[in-house]
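Structural characterization, general
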2 protein chains.
Amino acid sequence: MGVGMKNRIYIVGIGPGREEMMTGEALHALEEADMIVGYTTYLRLLGERFRAKEQISTPMRREEERCRICFEEAEKGKTVALVCSGDAGIYGMASLMFEIGRAYPQTELFVVAGVTAASSGAAVLGAPLGHDFCAVSLSDLLTPWETIERRLLAAVEGDFVIVLYNPSSHKRKDYLKKACGILLRGMEESRACGYVENIGREGTRAEVCTLGELQDREVNMFTTVFIGNAASEIIDGRLVTKRGYRHGGETVI
Amino acid sequence: MGVGMKNRIYIVGIGPGREEMMTGEALHALEEADMIVGYTTYLRLLGERFRAKEQISTPMRREEERCRICFEEAEKGKTVALVCSGDAGIYGMASLMFEIGRAYPQTELFVVAGVTAASSGAAVLGAPLGHDFCAVSLSDLLTPWETIERRLLAAVEGDFVIVLYNPSSHKRKDYLKKACGILLRGMEESRACGYVENIGREGTRAEVCTLGELQDREVNMFTTVFIGNAASEIIDGRLVTKRGYRHGGETVI
């Protein structure tokens, strides 16, 4: 089979939810696809527009199976789109697809970037990511908790703004509290924070608070949490991290 | 003036360049705006579509002036869109706008998220951001180099994938080399890396290499650099960071 004849799979980041927050490139990949594969909730987010396409949905935690389905369908000659929420590469399916893809050299993978929760959540809260930041997932399904703890401490050491993905789930209700406890070893309780639930979906809810307050908040699995750095402030109810402009005589971060 | 009557400024992330990589929301904000303000290069990237709108472009390093223009035009009753490349909040203008906005309480700010270079560059390279990562800007215009160094060392300590923004400029040609030198204190020369020039624009060029090789590469100011973590690999020419799936007996990162 010639290079131009390879099967195609698009790994598509659909952003936080509403179609308005998808890129044109993502919409075109879905339009071009013969088949759309994804976690049930994400297929539902796509709404009516692509309902006429052949669709396969698989439940959560069946990521490897979902990837194999894509390759098997592509081998039949179909153009497949695998949808991920947010960005396809950030805690998305892209890396697993490249790993599994070693066994399917006749299929070419195209990653279509999308707006990740760090960006879309920050836009709702104000401008928390105005300077260097890091993203840490609190899910210990695939990462030992010791690694998560080490990363949180390194983030404090580096004075990074921190974005927490997967801060909670049915089985991990107290993980945000645990994470805040670790951060408080090196941060004041007054550190400016914020969180957003259901970004870009119905029932979006944003809150700003201090790290001390955050420790006792209950958040759900559709929440993204932001911990400011030393230059973050709450300005008129918005979480803002200063870039270092406008600090004539003051310490520049 | 009632709440519903406030002046509006949209701070719009237009993604890496091509209109296809903008969200619908960003396009709608630009359509709604009476006036578009931005750095000359970004206005040019918008192309023909919005050329009929009133536009004000300001050169680089005049960020504060650019912000004040937005507020002054909004006070005249115009709806203003301030464009930023990538995401409006990540090394974009959003945080400075909120700071300056304290003096303009009658104007409301709306941040429109976009696809940042971490996402769009990662999509070109493969899937380097499959796990926890951090973004560090190598520009020391507003940040002391000691802070940048401290963040790079913290990123190594946390085994984060690292995305370097602003790795070079006319005056800072050797900063990537300096940064690699710092990283090599805690990383092997064989660490998998990659970089992308002109993401989403004409002349996109992606390279994968080792950290040892990266140290001697010359990159320009339109380049985004990715340093893998301990679980990153080059698979068929793509930079991939494994999430921890498929590692039965092996160490899970």
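All of the points below concern the structure found in this document. (Residues numbered from 1 in each chain as written. Chains lettered and ligands numbered in written order. Predicted model: local features only at pLDDT ≥ 70, side-chain atom pairs only at ≥ 80, totals over all residues. Heavy atoms only, no water.)

Residue and element names in this part refer to chain A. The first and last C-alpha atoms of helix H3 (residues 63-75) sit 19 Å apart over 13 residues, in line with the 18 Å expected at 1.5 Å per residue. Along H3, the positions that sit buried rather than exposed are Glu 63, Arg 66, Cys 67, Ile 69, Cys 70, Phe 71, Glu 73 and Ala 74. Looking at the buried positions of H3, the neighbouring elements they touch are strand S1 (7-13), strand S2 (35-39), strand S3 (54-58), strand S4 (80-84), helix H4 (94-101) and strand S5 (107-112). After H3 finishes, the residue Gly 77 shows a positive phi value of roughly 100°. (Helix = DSSP H or I, 4+ residues; strand = E, 2+ residues; numbered from the N terminus. Expected span 1.5 Å × (residues − 1). Buried < 20%, exposed > 50% of the residue type's maximum accessible area, 1.4 Å probe, protein only. Contact = heavy atoms within 4.5 Å.)

This brings us to the interface of chain B and chain A. Counting residues at the interface gives 68 residues for chain B and 68 residues for chain A. At the boundary of chain B with chain A, total buried surface from both sides reaches about 6,300 Å², with 55% on carbon and sulfur atoms. Counting across the chain B and chain A interface gives 8 salt bridges. A salt bridge links A:Glu233 to B:Arg102, with the nearest nitrogen and oxygen atoms 2.8 Å apart. Where chain B packs against chain A, one counts 34 residue pairs in polar contact (both at pLDDT 80 or more). In terms of residue count, helix H4 (residues 94-101) of chain B provides more of the side of chain B that touches chain A than any other element does, 6 residues in total. (Buried area = accessible area lost by both parts, 1.4 Å probe. Salt bridge = Lys/Arg side-chain N within 4 Å of Asp/Glu carboxyl O. Polar contact = N/O pair within 3.5 Å; in protein donor to acceptor, adjacent residues only side chain to side chain.)

Turning to the sheet that holds S3(A), a few remarks are in order. Residues and elements named next belong to chain A. Reading across the sheet, the 5 strands line up as S3-S2-S4-S1-S5 and stay open at both edges, with parallel pairing between neighbours. Strand pairing shows two members of the sheet lacking a second neighbour, S3 and S5, which therefore form its edges. The average undirected angle you get between the axes of adjacent strands in this sheet is 20°. In this sheet, S5 lies alongside S1 in parallel orientation, the contact comprising 6 bridges. Within the sheet, the bridge partner assigned to Val 12 lies in S5 and is Val 112. Packing of helix H1 (residues 24-32) onto the sheet brings it into contact with S1, S2, S4 and S5, and relative to S1 it is tilted by some 140°. Where H4 meets the sheet, it contacts S1, S4 and S5, and its direction lies at approximately 170° from that of S5. (Pairing = 2+ DSSP bridges. Axes fitted to C-alpha atoms, helices over the stretch in contact; angles between N-to-C directions.)

In this section: the relation of the copies chain B and chain A. The two copies are related by a screw operation: chain B maps onto chain A through 180° of rotation and 0.0 Å of translation along the axis, at an RMSD of 0.0 Å. In short, the pair behaves as if placed about a two-fold rotation axis. Take the interface residues of chain B: 100% of them recur as interface residues in chain A, which is what a same-surface contact looks like. (Least-squares fit on C-alpha atoms with pLDDT ≥ 70 in both.)

Here we take up the sheet that holds strand S4 (residues 80-84) of chain B. Residue and element names in this part refer to chain B. Read from one edge of the open sheet, 5 strands run S3-S2-S4-S1-S5, paired in parallel fashion. In the strand order of this sheet, the two ends are held by strand S3 (54-58) and strand S5 (107-112), each with one partner. Between one strand axis and the next, the sheet turns by 20° as a mean value, whatever way the strands run. Sheet topology note: the strand S2 (residues 35-39)/S4 ladder contains 4 bridges and is parallel. Bridging across to S4, Met 35 finds its partner in Val 80. Taken strand by strand, helix H3 (residues 63-75) contacts strand S1 (7-13), S2, S3, S4 and S5, and its axis lies near 175° from that of S2.

The next point concerns the pairing of S1(A). All names here are of chain A. Taken across its 7 residues, S1 has 6 buried, putting it largely inside the fold. Here S1 pairs with S4 via 5 bridges, running parallel. In the strand pairing of S4, Gly 13 is matched with Cys 84.

In this structure, A:Asp159 takes a positive phi of about 50° despite not being glycine. Examined against the element boundaries, A:Asp159 turns out to sit in the loop between helix H6 (145-157) and strand S8 (161-165). Since its relative accessible area comes to 9%, A:Asp159 is described here as buried. The phi dihedral of B:Asn198 is positive, around 55°, even though this residue is not glycine. Along the chain, B:Asn198 falls in the loop between strand S9 (192-197) and strand S10 (205-210).

Taken as a whole and assessed by the stated rule, the structure comprises 11 aromatic pairs over all chains. With a centroid separation of 4.9 Å and an interplanar angle of 90°, the aromatic rings of A:Tyr39 and A:Tyr42 are classed as edge-to-face. Where A:Phe133 meets B:Phe133, the ring centres are 6.1 Å apart and the plane angle is 80°; that geometry is what we call edge-to-face. Note that A:Phe133 is positioned in strand S7 (residues 133-137) and B:Phe133 in strand S7 (residues 133-137), a pairing that runs across two chains. (Phe/Tyr/Trp six-rings, centres within 6.5 Å; stacked < 30°, edge-to-face > 60°.)

A word on empty space enclosed by the protein. Residues and elements named next belong to chain B. If you walk through the whole model with that rule in mind, you get 1 cavity of 30 Å³ or more. Empty space within the largest cavity amounts to approximately 40 Å³. Lining the largest cavity we find Ile 14, Gly 17, Glu 19, Met 22, Leu 45 and Leu 46. Along the lines of polarity and charge, the residues of the lining of the largest cavity split into 4 nonpolar, 1 polar and 1 charged. (1 Å grid on protein atoms, 1.4 Å probe; cavity = no way out; pocket = protein on both sides within 12 Å on 5 of 7 lines; lining within 4 Å. Points joined across faces, edges and corners; volume = space filled by probe spheres on them. Nonpolar A, V, L, I, M, F, W, Y, C, P; charged D, E, K, R; others polar.)

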